[in-house]
Amino acid sequence: MNIFFRTDASIDIGTGHVIRCLTLSDELRQNGVNIGFICREETGNLIEYIEKRGYYVHRLPADIDIETDIQLTQRILERHAMKPDWLVIDHYDIDSSWESPLREFVRKIMVIDDLANRQHDCDLLLDQNCRLNGNNYNGLVPDNCMKLLGPKYALLRPQFLKARENLRERTSEVKRILVFMGGTDTTNETSKALRAIQMLNRPDIAIDTIIGASNPYRIEIIDLASQMPNTNCYFQVDNMAELMALADLCIGAGGTTTWERCCLGLPTIVIVIAENQIEIAENLAKKETVINLGWFEHIKKSDIEDALKILINNHEKSRTMSTKARELVDGRGAERVANALIKERVFV
């Protein structure tokens, strides 16, 4: 079986698309599937990272229009003697106008989306987000399209399932805070969060700060953290599940790591840094699984400090958030999605 992934990462796009595609590709590879990637050489891309994970990447130029992108992708796919079984697309700038011309070059098309704001020509659609309305894609995908919707299909790496199975009992006492604002964090919410923690004046609480691969404020964050007691900095970590399991509380963005935190029942203060995170954060706040501070531009250090105090002092609220978060995600989403691709059926 042969499957291609069409996805990109850059300073503007972020890293979440590539990371979740890699998670799914790893699961598929364990089932004997041959995998290839097609990515643009944008500034801040993760092509070398994908290659280090053992995958071949077909490179596209950075500055090309959609028509050229279609043509170059077609050429890559038609080089194969046998038509690829699936083309998996995870890209906000791609819709049916890109997908339909690729139809004759692959057997089937899968789309990973979380916006529900454009037409798709696909056979399988995955939206792992927590939507209160299950009809978001009515009229946006073909009637015969299989839809995998909700956090039960969240694409989490195996380390999270393993960490969940070995998770210590959370006491709700905050001894360690994790700060991670995603792979790019172009508005430097990481530094804002660290300064808010400083305002607590709690040197007894340990801080783990994760700096994403494309974070342009790396030096500033490291310098700030060096001035704070009991504070560690990590760069492009491979043991995210371990750090989340150790933490008692997190300050994070509303992106793909949301489901990782839920899987491990980690109480989180969410700062929304992208439009596609708004609905996720709002829905999870309604379910009492996070404290959603809202759009980053409206958030002050004092707002973060106040939210920290709430969770540090209110153990019952922290326990409730942890329990409800764990109920949403069990860590087997990648297995479910891979099964749908390989066997073209869904299991629970």
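The preceding data block contains the structure.
Residues numbered from 1 in each chain as written. Predicted model: local features only at pLDDT ≥ 70, side-chain atom pairs only at ≥ 80, totals over all residues. Heavy atoms only, no water.

### Observations regarding the overall build of the chain
Turning to step 1, where the next piece is worked out: Summing up its helical and strand segments, the chain has 13 helices and 13 strands in all.
Turning to step 2, where the next piece is worked out: The globule rule puts the C-alpha radius of gyration for 348 residues at 20 Å, and the 20 Å found for the chain is close to it.
Turning to step 3, where the next piece is worked out: Taken along the three principal axes of its C-alpha coordinates, the chain extends 65 × 40 × 35 Å.
Turning to step 4, where the next piece is worked out: Put simply, the chain has 348 residues, and 55% of those count as buried.
Turning to step 5, where the next piece is worked out: Nonlocal contacts in the chain, meaning residues at least 24 apart in sequence, comprise 62% of its contacts between residues at least 6 apart.
Turning to step 6, where the next piece is worked out: When the 42 basic and 51 acidic side-chain charges of the chain are each reduced to a single mean position, those positions are 5 Å apart. (Helix = DSSP H or I, 4+ residues; strand = E, 2+ residues; numbered from the N terminus. Rg over C-alpha atoms; globule rule 2.2 N^0.38 Å. Buried < 20%, exposed > 50% of the residue type's maximum accessible area, 1.4 Å probe, protein only. Contact = heavy atoms within 4.5 Å. Lys, Arg positive; Asp, Glu negative; His and termini not counted. Charge placed at Lys NZ, Arg CZ, Asp CG, Glu CD.)

### Points about the sheet that holds strand β12 (residues 268-272)
Turning to step 1, where the next piece is worked out: As summarised here, the arrangement of the 6 strands in space is β10-β9-β8-β11-β12-β13, forming an open sheet in which the pairing is parallel. The sheet is open, and its two edges are formed by β10 (231-235) and β13 (290-295), each paired on a single side. Neighbour-to-neighbour, the strand axes of this sheet turn through a mean angle of 15 degrees, independent of strand direction.
Turning to step 2, where the next piece is worked out: Alignment of strand β11 (residues 249-253) against β12, held across 4 bridges, turns out to be parallel. Across the sheet, I251 pairs through a bridge with I269, a residue of β12.
Turning to step 3, where the next piece is worked out: Seen against the sheet, helix α10 (residues 278-286) touches β12 and β13 and runs at an angle of roughly 145 degrees to β13. (Pairing = 2+ DSSP bridges. Axes fitted to C-alpha atoms, helices over the stretch in contact; angles between N-to-C directions.)

### Here's the deal with the packing of aromatic side chains
Turning to step 1, where the next piece is worked out: Tallied over the entire structure, the rule returns 3 aromatic pairs.
Turning to step 2, where the next piece is worked out: Relative to F37, the ring of F5 has its centre 5.1 Å away and its plane inclined at 15 degrees; by these criteria the two rings are stacked. Of this pair, F5 sits in strand β1 (residues 2-7) while F37 sits in strand β2 (residues 34-40), and the two are 32 residues apart along the sequence.
Turning to step 3, where the next piece is worked out: Assessed through its relative accessible area of 0%, F37 is described here as buried.
Turning to step 4, where the next piece is worked out: Where W295 meets F296, the ring centres are 5.0 Å apart and the plane angle is 45 degrees; that geometry is what we call tilted.
Turning to step 5, where the next piece is worked out: One aromatic cluster is present, built from ring pairs that chain together F5, F37 and Y55. (Phe/Tyr/Trp six-rings, centres within 6.5 Å; stacked < 30°, edge-to-face > 60°.)

Geometric descriptors of this kind do not, in isolation, establish any biological role.
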